[in-house]
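This is what each chain is made of:
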Amino acid sequence: MGSRFVDTIPSLSCDDDKSDDEYAFVRALRMSGGDGANSYSANSLLQRRVLSMARPVLVRNTEDMMMNLDFPGYIKVAELGCSSGQNSFVAISEIINTVNLLCQQLNKNPPEIDCCLNDLPENDFNTTFKFVPFFNNELMITNKSSCFVYGAPGSFYARLFSRNSLHFVHSCYALHFLSKVPEKHVNDKGSVYITSSSPQSTYKAYLNQFQKDFTLFLRLRSEEIVSNGRMVLTFIGRNTLNSDPLYRDCCHFWTLLSKSLRDLVFEGHVSESKLDEFNMPFYDPNEQELEEVIRNEGSFEINDLEKHVFDLGLSNNNNEEDDYEAGYNEANCIRAVTEPMLVAHFGEDIIDILFDRYAHHVANHASCRNKTSVTLVVSLTKK
């Protein structure tokens, strides 16, 4: 889950009639910076695992891109929603290694490569850039090739690059974050996201916002990517096995966050009205919803659309210490993704106790032992 949100566009607010200050937490959607115990850099092993899942699609599309473009002498790669830490370089390294190996096999000169790391201006780029010398050293040892790394601060719901300049775009666990929070339904309180008890209007509002945002994203990238250029995008998704679009199991990460916040309301740490004002700018599409937006927008051909279902929860043992450690680790992962936004809305005093409650719920809920997560990987070619 990387940080990816509009910070300069008026549509940020959940309700255009309300003040920007009331929804200041939305602008804080970024990962926790630095490299400390609660940072995204120290708590993003899940994201690295997801990157590993998508590797075959990434490699295949990189090879196809190089051959379809007849081995250009220069390529420009963009990593959208890079967040902070060394995960930013995992996909870029795969792309560069694939390019160089293919050139070596076919006796072609390797291209010079520009790599643009994008995220919002508030993102902790400094922690990421600290890894650039190590990245370049490894690149020279393994490939002896030239790669130049740049920062590209800004929202990917706006233009970021010049026309027809990009050859390859990658984004992992970023595009499920929306450009704004849909207006909260009056009967949908006490939860930060869609639940099985939400009204259908809540689901429709979130789906509509996702469709608008992803359509805009595709249109903007179609202006920036060369013909036959590629994109590989990875989302948190949801299963289509359950026909109820409201269904989120009891161990869904936002369900657990809602439950933990309600604990704090009960204990007097947070007001009920404060919780009711807070919604996550997030949508987990299923395969059909994703495909529909891509086909309707019309700028890209779908090459791959894969669904990966994998265990995200506790191991199947009866060791309470292991259960607590697993719950603590999951709480730290969610904390690294949400802390800046939660602090902006609720204040920092509740954060430690909130995620202690979160870890407790994970460790003590039997259903969380076999919790699964759905990841969608789609690769696209610019028409």
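Quick caveat: nothing in here was measured; it's all calculated off a predicted structure.

Calculation criteria
Within any chain, residue numbers begin from 1 and follow the written order of that chain's sequence. With the structure being a predicted model, the display of local features is reserved for residues of pLDDT at least 70 and the display and counting of side-chain atom pairs for 80 or more, all residues being used for whole-chain, interface and lining totals. Here the side-chain values reflect all heavy atoms present in the structure, with hydrogen atoms and water set aside. Centres within 6.5 Å make a pair out of two Phe, Tyr or Trp rings, where for Trp the six-membered ring is used; the pair is then stacked when the planes are under 30 degrees apart, edge-to-face when over 60, and tilted otherwise. Only protein chains enter the accessibility calculation, which uses a 1.4 Å probe; a residue is then buried when its area is under 20% of its type maximum, exposed when over 50%, and partly exposed in between. Helix and strand assignments follow DSSP, with helices taken as H or I runs no shorter than four residues and strands as E runs no shorter than two, numbered in order from the N terminus. In short, DSSP must find at least two bridges between two strands for them to pair. It only takes one pair of heavy atoms within 4.5 Å for two residues to be counted as in contact. Here, a salt bridge means any side-chain nitrogen of Lys or Arg that lies within 4 Å of a carboxyl oxygen of Asp or Glu. Handedness is read with the strands pointing away from the viewer; a crossover is right-handed when the path from the first strand over the helix to the second is clockwise.

### Concerning the packing of aromatic side chains
Turning to step 1, where the next piece is worked out: In this structure the tally under the stated criterion is 17 aromatic pairs.
Turning to step 2, where the next piece is worked out: Aromatic pair F156 and Y157: ring centres 5.0 Å apart, planes at 85 degrees, arrangement edge-to-face. Neither residue differs from the other here; F156 and Y157 are each classed as buried.
Turning to step 3, where the next piece is worked out: An angle of 75 degrees between the planes, with centres 6.4 Å apart, marks the rings of F210 and F235 as edge-to-face.

### Regarding the pairing of strand β5 (residues 225-237)
Turning to step 1, where the next piece is worked out: Along β5, 11 of the 13 residues are buried, which leaves the element largely enclosed by surrounding structure.
Turning to step 2, where the next piece is worked out: In the sheet, strand β4 (residues 166-172) pairs with β5 via 6 bridges, with the strands oriented parallel. Within the sheet, the bridge partner assigned to V169 lies in β5 and is M231.
Turning to step 3, where the next piece is worked out: Here 8 bridges tie β5 to strand β7 (residues 372-382), and the two strands are oriented antiparallel to one another. Bridge pairing in β7 links L233 to V378.

### Examining the environment of Y324
Turning to step 1, where the next piece is worked out: If you trace the backbone, Y324 turns up in helix α11 (residues 320-346).
Turning to step 2, where the next piece is worked out: Residue class for Y324 comes out partly exposed when judged on its relative accessible area of 40%.
Turning to step 3, where the next piece is worked out: Those residues within four positions of Y324 in sequence are excluded, and the remaining contacts are D356 and A363.

### A word on the pattern of salt bridges
Turning to step 1, where the next piece is worked out: Evaluated as defined, the whole model comprises 17 salt bridges.
Turning to step 2, where the next piece is worked out: With a shortest N-O distance of 2.9 Å, E267 and R357 are connected by a salt bridge. Remark: R357 occurs in helix α12 (residues 351-364) and E267 occurs in the loop between α8 (253-266) and α9 (272-276); sequence separation between them is 90 residues.
Turning to step 3, where the next piece is worked out: A single network of salt bridges, built from pairs that share partners, joins R159, R163, R219, R221, E223 and E224.

### Comments concerning unusual backbone geometry
Excluding glycine, residues mostly carry a negative phi; peptide bonds, for their part, are mostly trans.
Turning to step 1, where the next piece is worked out: Backbone geometry places D70, a non-glycine residue, at a positive phi of 60 degrees.
Turning to step 2, where the next piece is worked out: As for its position among the elements, D70 is in the loop between α3 (55-68) and β1 (74-80).
Turning to step 3, where the next piece is worked out: Of the residues examined, D70 reaches a relative accessible area of 58% and is grouped as exposed.
Turning to step 4, where the next piece is worked out: In the Ramachandran plot, N228 falls in the positive-phi region, its phi being about 70 degrees despite a non-glycine side chain.

### A look at the pairing of strand β2 (residues 112-119)
Turning to step 1, where the next piece is worked out: With respect to burial, β2 is a largely interior element, 7 of its 8 residues being buried.
Turning to step 2, where the next piece is worked out: In the sheet, β1 pairs with β2 via 7 bridges, with the strands oriented parallel. In the sheet register, Y74 faces β2, and the bridge partner there is E112.
Turning to step 3, where the next piece is worked out: Traced from β1 through helix α4 (residues 88-105) to β2, the parallel crossover comes out right-handed.
Turning to step 4, where the next piece is worked out: Alignment of β2 against strand β3 (residues 147-153), held across 7 bridges, turns out to be parallel. Considered in β3, the bridge of I113 is made with C147.

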